[in-house]
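# Structural overview
Each chain, letter by letter, is given below.
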Amino acid sequence: MFHANTFLLAWRQTVRDFRSGELRLLIVAVMLAVAALTAVGFFADRLKIGLARDARQLLGGDVILATDTPTPAGFVERARALGLATATTVSFPSMARADEAQGGASRLVSVKAVSPGYPLRGALQVSRDLEQPGHPVRDIPPRGSVWVDPGLLEALQLKVGDALLLGDARLRIDRILTLEPDRGAGFLGFSPRVLLQEADLPATGLIQPASRVTYRLAVAAADGRDADAQAYTRWAEAEIAATRLRGARVESLESGRPEMRQTLDRAEKFLNLVALLAALLAAVAVAIASRDFASRHLDDCAMLRVLGQSQRTIALSYALEFAAVGLLASGLGVALGFAVHHAFVVLLAGLVETALPAASAWPALFGLGVGLTLLFGFGLPPVLQLARVPPLRVIRRDVGELKPASLLVLAAGALGFAGLLLAVSSDLQLGLIAVGGFAAAVLVFALLAWLAVHVLRRAVPEAGAPRWLVLATRQVCARPGFAVLQVSALAVGLLALVLLVLLRTDLIGSWRAATPPDAPNRFVINIQPEQGADFQQALRQAGVQRYDWYPMIRGRLVAINGREVGAGDYAEARAKRLVDREFNLSHAAEMPAHNQLAAGRWVPDEADGLSVEVGLAETLGLKLGDRLRFDIAGLASEGRITSLRKVDWASMRVNFFVMFPTARMADVPTTYIAAFKAPAGAGFDNRLSRDFPNITSIDVSASLGQVQRVLDQVIRAVEFLFGFTLAAGLVVLFAAVVATREQRSREFAIMRAMGAGRALLVQVQRAELLGVGALAGLLASLAAAAVGWALARYVFDFSWNAALWVPLAGALSGALLALAAGWWGLREVLRRPVVETLRKAAA
């Protein structure tokens, strides 16, 4: 039981230490760690809750069954038998055109025919004028009319009320479509939407036996009947597997925004990494500051023992003080993190289509837990040693010094903290590399710093070297334990800063490279071989000098290593879809410059070779040496996998799952695809459509602009949170430098008493700080190169190698930062009167 005297003693100690500023460093370190973790936590929590709430609206129903053929009647009957509402959609690309009297311009569009009741979840938004905002509606286009995207009106120079020619039908433009909740992505999603009633579809005559059409059946359960929708999902998946229904799949929200997924996944991982590093740095700062705190309270505790206080009372009083400080710092950190996460919501507003709900209490509770774990795991062990200070220290200053904390206590605190960080990382690989890399780096830093101290003792001779250099090196060697602690702490702080600077620069560079300012905004397909020379000449005449140009072949994978394969051979849904569909194949003598070779060799004009994208190989279980056979328009084409390529599907470039490394392929039907940045103005597209009426030109300008805006938002958010880790790193640097303040004061006082001038002592201090900082910066840069490479390869999935100048820049930065922190933290050491320091040391 706590005695009232214990609470009173704890209260007085806390107030005194707070007023004197001795708790300031601890509070700042804990607050920064908690703020960084909770800022990311609050935003991720709100985003997760919002997506869960809006998932059904983004799908247009509770469950979506997508097929390449008209939906089998049995699926509709089963849904109705379970009491589920149903709605159907039919989607396909086609050409829409204006009336000849209005210019006769044409444009590739995404046609979507919908049944009454669509959408089952969410709502369409429409307007009657381009200048007016959209408003939600619960109906669908009337018979004989269409609703269209604003971009189509601008491209065809039409307005509401004009006629739109779609196949054999002449339909009236009735409304402007401003929001379609289940829009989806892909080439079809890039094209302007034309929405019409399902009953008007036959009149267009657009669906023919060979047409590529997607049929979707949406089902929705009544409120409170989610189990019915789940039961239908299980039944539909089992029915597809049992009947081996080709081209059928049950869709989920994961397929809704694939073009953004890689970028957002990388951004989320980087934000988590920044928060992890801030927390790791805070742990180091807390450990250093706590030991410094305990060192300065040794005499106070000795006097308390003389006055009769028990070890138990002293230990409990400090435990209560740290609990109060932990709650205060953690509470401030949670409040700061909650405020900061609103900045994320603003910076990433373009990624969230709807208003986010309120966050749960979990991030706040987690932040409090992290803050208390930091203080109790890393701060309390050295402070609890104060309870064992003997009363004899009052007259003998050489007894009762702090001892290294119990390895068992430190291990327990470190393991608990590491567990919390792994939990918050949301990516086990990221957490293990970050936490494990830092743990290994600390051990390596300590060992190398110890070796450096012993080498330094012999490297600088007494005679011949400048006096200030001799004194600086002798000071470092006289207290090797503090030197190792200081170098290790500085190196850990600099490791985090160097790692984040390098990764941030290269990560943002890889994002920018994927969508540069001159990224292609037109994809043109169905170019016939005999049109190739004329088409490329038309591009050059229009001023287009850089463009992707590849042959495109449609083929279906039919056998692997001589064994026929089908969707039933795979359990994973993506593998089933890949095997069940035709691939876009291509061939070229040289590997595309925007692809990376992951394994094997690309041999130009290899007759029997195949190059496969690594993701496809992993999904289908393919490896180097496997033989694949494709059915290309009834012709069998076979090859051996000789290379694996890494493809960035988020880039706006032409990419293929499978390529033949040869310049020519005879006897296979081939068309060509081109990708380029179109000249400004609508005349270019119209001329291409007029000169090559069979081509399909896909304008991805809007999507490209959206991707680039999203990248800008993500980069701002990353740089915003980067400031937290920068601050945490500077706190570690400051803590490491000032940890030896009292020892330095005594040493400098003795040297001044023996005749050393202030100028000499300034030189000694600067030399020591510059040397320690340079060594720490060099070690940190080398470690950052190793950890950064592992994170880039295994977590962020981009190639990265640190430049040769990084160690030199790291050493220079470490020296300058250590000098700056020393000037700020140790400026009073040289100002303190010699008599005051010596009296305090002898007291």
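Described below are features of the structure shown in this document. (Residues numbered from 1 in each chain as written. Predicted model: local features only at pLDDT ≥ 70, side-chain atom pairs only at ≥ 80, totals over all residues. Heavy atoms only, no water.)

Residue placement: Met665 occurs in the loop between strand 20 (658-660) and strand 21 (671-676). Linking Met665 and His587, residues 78 residues apart in sequence, is a C-alpha distance of 7.6 Å. Aside from chain neighbours lying at most four places away, what touches Met665 is Ile553, His587, Ser637 and Phe660. (Helix = DSSP H or I, 4+ residues; strand = E, 2+ residues; numbered from the N terminus. Contact = heavy atoms within 4.5 Å.)

Let's shift gears to the pairing of strand 6 (residues 145-148). In strand 6, alternate side chains face the same way, and those of Ser145 and Trp147 on one face and Val146 and Val148 on the other are all buried. Here strand 6 runs beside strand 8 (residues 169-179); their pairing, made up of four bridges, is parallel. Within strand 8, the residue paired with Val146 across the bridge is Ile173. Pairing analysis gives three bridges linking strand 6 to strand 9 (residues 193-197), with the strands arranged antiparallel. (Buried < 20%, exposed > 50% of the residue type's maximum accessible area, 1.4 Å probe, protein only. Pairing = 2+ DSSP bridges.)

Attention now moves to the side chain of Ser115. As for its placement among the helices and strands, Ser115 is situated in the loop between strand 3 (106-114) and strand 4 (124-127). When sequence neighbours within four positions are dropped, the list of residues in contact with Ser115 reads Ala87, Thr88, Ile140 and Glu198.

Next up on the list: the nonpolar core. Grouped together as the largest cluster of nonpolar side chains are 36 residues, with contacts concentrated most on Phe445, Leu495 and Leu791. For this core, the leading source of residues is helix 15 (residues 480-514), giving 13 residues. Core analysis: the next-biggest nonpolar cluster, separate from the first, contains 31 residues, Val34, Phe293, Cys301 and Ile314 among them. (Core = buried A, V, L, I, M, F, W, Y, C linked by side-chain atoms within 4.5 Å.)

Packing of helix 3 (residues 73-81) against helix 7 (residues 226-243) leaves a shortest axis separation of 11 Å and a crossing angle of 160°. With respect to each other, helix 3 and helix 7 are oriented roughly antiparallel. Pair helix 3 / helix 7 crosses with right-handed handedness. Residues Gly74, Phe75, Arg78 and Ala79 of helix 3 pack against Tyr232, Trp235, Ala236, Glu239 and Ile240 of helix 7. (Axes fitted to C-alpha atoms, helices over the stretch in contact; angles between N-to-C directions. Parallel < 35°, antiparallel > 145°, perpendicular 65-115°, else oblique. Left-handed = near helix turned anticlockwise from the far one by under 90°.)

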